[in-house]
Structure formats: structure tokens, C-alpha cells
Amino acid sequence: MRRNVSLEEISDGRLYDLNDMVKADCGNCAGCSACCQGMGDSILLDPLDVYRLTLCLDRSFESLLSDCLELGVVDGIVLPHLKMTDKEERCVFLNEEGRCSIHPHRPGICRLFPLGRYYENSSFRYFLQTGECRNTNRTKVKVSKWIDTPQIRGNQKFIADWHYFLKDMEDKVQEAAARGDDLAKNLNLYLLNTFFVTPYEREASFYGQVAGRMSRAKQEICNLTEDIH
Ligand code: SF4
Ligand code: SF4
């Protein structure tokens, strides 16, 4: 999701790499679950997030859409996000004790918080959102430890590739919408099916599979748009 604010407005003005120390550690969130409530449709999921959920809950993407996830439109692209429930708008995975019931399998955005990603030059670094976390006594932690993600370099490559892939798709959808043809709808259906509905093989590397799908998708979408012109 693109945000039209300056880095200075929402952060301490610094960009962080994996080995940097950052004041993000909120001490196991003791007694607080503020960022797991009232988040609307903002906890967007990428193919890895959905893959993790399908594995840990042993359910298909379509089944998760019935009660845990919802679809929304972000910059013209249909993407899944976590569902909030009840009048308090609690995340469906927040349990009675106010803890995350899927903690080892939580989405990338939840792993990051209160960090965010700042994309540039086909890559990204992290920034600290200074006004988001309720804990004002956070301590310093190494970024890589805070993110708590296996195969971190492969993960970073996937995150950057997915971001820039979606940016290309947004441009194509906007061009199609301006022309008034069906490409925007077809492209969104194609993306949902290719990256979220079609299961990934459990025995093979997720990152290898999703990279292959992105590469094929670029070619197939290129053919699709050429057919229209
Ligand atoms: S607002 Fe901060 S302390 Fe509260 S749950 Fe979120 S990360 Fe933890
Ligand atoms: S998945 Fe877990 S960490 Fe993320 S918003 Fe839901 S309860 Fe909170």
C-alpha cells in the first residue's frame, strides 16, 4: 500500500538494515494488543503470508476467505487482508487472552510492527513508525531478530520482487481502467488464482515456486496486453 506521507512525518528519519539496532522491542507486548484491533483492511497479505496460514491451519485459501480473510482493492489490485471481527474490530486470530493464536505463523506486517518498509532502487530498508506502538519504553533490538523470519535473505528478495511486481500490475490495471476494457478484471482474477488460490507444493521451496510464478506471470500478462493492442 502506497502512503503519501514523508518519512520525517511518521518516523525517526532513519532507515535501517537487518544488522542495525532499532528501538522496536516492546517487551512481548505485555498486556497490550492495540495493534491487533481496529486495523480495518490494512493488514495486507502477500503470497507467503497466505501460504503460511494454509499450512498452519491446514485449510485452503478459499476456506480461509469464509471466516479469517477478506478481499479488498489496493491501488486497483485485489488483495487479501486479515479480517477484523466484533464491535471492537479484533483480528480473528486474537485469542481471549489478548494474544496472537498463530504467533509463529503471523503475517509479515505483524512481524514488522512497529517497523515499516521503505522501498527504493528495487530493494527496501526498514523505518521505525514512531507514532504507532503504545509502548513508549521500547528497547533496542537487532532488526533481523525483531523480524524473526527464517531464510531472511530469500525472504527479503521475495518481498522486494513482490512489491515491484505489484507496482507493474497496478500500472497495467490503471491503463486498462482508463481504456475501459476488461483487462483490469481479468488481470485481477489471474493474479488471485496464480498467487493465492493455486496451492504451493509443500516439499519444494516456496521462494523458488513464487519466483517462477512471477516470471511466468510477467510473460503471460505481457502477451495478454499485447493481444488487446
Ligand atoms: S501497540 Fe505495541 S505494545 Fe501494543 S500490541 Fe502492538 S506492538 Fe505490542
Ligand atoms: S495475526 Fe496475530 S499479530 Fe497479526 S493482527 Fe492478528 S492477532 Fe495480531
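Residues numbered from 1 in each chain as written. Chains lettered and ligands numbered in written order. Predicted model: local features only at pLDDT ≥ 70, side-chain atom pairs only at ≥ 80, totals over all residues.

Draft legend 1. Region of interest: the site of ligand 1. Every residue close to ligand 1 is listed here: Cys26, Cys29, Cys32, Ser33, Ala34, Cys35, Phe113, Pro114, Cys133, Arg134 and Asn135. Broken down by class, the residue content of the shell around ligand 1 amounts to eight nonpolar, two polar and one charged. (Near = placed C-beta within 6 Å. Nonpolar A, V, L, I, M, F, W, Y, C, P; charged D, E, K, R; others polar.)

Draft legend 2. Up close: the domain arrangement of the protein chain. Taken domain by domain, the protein chain comprises domain 1 (7-147) and domain 2 (152-228). Taking only C-alpha atoms, the centre of domain 1 and the centre of domain 2 are 22 Å apart. Taken together, the 19 residues of domain 1 in the interface contact 23 residues of domain 2. Elements with a minimum of two residues in the side of domain 1 that touches domain 2: helix H2 (47-57), helix H3 (61-67), strand S3 (77-82), strand S7 (123-128) and helix H5 (143-147). Looking at the side of domain 1 that touches domain 2, the element that brings in the most residues is H2, giving four residues. For the side of domain 1 that touches domain 2, the per-class residue count stands at 12 nonpolar, four polar and three charged. (Domains from an automatic or database assignment. Contact = placed C-beta atoms within 7 Å. Helix = DSSP H or I, 4+ residues; strand = E, 2+ residues; numbered from the N terminus.)

Draft legend 3. Broad picture of the nonpolar core. In this structure, Val22, Leu115 and Leu187 are the most contacted members of the largest nonpolar core, which totals 41 residues. Of all the elements, helix H7 (residues 183-197) adds the most residues to this core, at six residues. Two domains share this core, each providing at least three of its residues, namely domain 1 (7-147) and domain 2 (152-228). Residues contacting Leu187, with those up to four places away along its chain left out, are Met169, Lys172, Val173, Ala176 and Ile221. (Core = buried A, V, L, I, M, F, W, Y, C linked by C-beta atoms within 7 Å. Buried ≥ 20, exposed ≤ 12 C-beta atoms within 10 Å, placed from the backbone.)

Draft legend 4. Looking closely at the packing of helix H6 (residues 152-179) against H7. Running from N to C, H6 and H7 point in directions that differ by 150 degrees, and their axes come no closer than 8 Å. As judged from the angle between their axes, H6 and H7 are roughly antiparallel. Within the contact between the two elements, H6 uses Met169, Lys172, Val173, Ala176 and Ala177 and H7 uses Leu183, Ala184, Leu187 and Leu191. Here the contact of H6 with H7 is built from residues that sort into eight nonpolar, no polar and one charged. (Axes fitted to C-alpha atoms, helices over the stretch in contact; angles between N-to-C directions. Parallel < 35°, antiparallel > 145°, perpendicular 65-115°, else oblique.)

Draft legend 5. Highlighting the environment of Ser123. Checked against the element boundaries, Ser123 lands in strand S7. Spatially, the C-alpha atom of Ser123 lies 8.8 Å from that of Tyr164, the residues being 41 residues apart in sequence.

Draft legend 6. Geometry of the environment of His81. Considering the arrangement of structural elements, one finds His81 in strand S3. Through-space distance from the C-alpha of His81 to that of Gln219 is 27 Å; in sequence the pair is 138 residues apart.

Draft legend 7. Structural view of H6. Under the 1.5 Å per step criterion, the end-to-end length of H6 is 41 Å for 28 residues, consistent within 8% with the ideal 40 Å. Phe158, Leu166, Met169, Val173 and Ala176 are the residues of H6 that are buried. Downstream of H6 by a residue or two, Gly180 has a phi angle that is positive, lying close to 80 degrees. (Expected span 1.5 Å × (residues − 1).)

Draft legend 8. Expanded view of the environment of Gly72. With respect to the element layout, Gly72 can be found in strand S2 (residues 69-74). Classification of Gly72 as partly exposed rests on a count of 14 C-beta atoms within 10 Å. Through-space distance from the C-alpha of Gly72 to that of Asp41 is 7.3 Å; in sequence the pair is 31 residues apart. Apart from residues no more than four positions distant in its own chain, Gly72 is found in contact with Asp41, Leu79 and His81.

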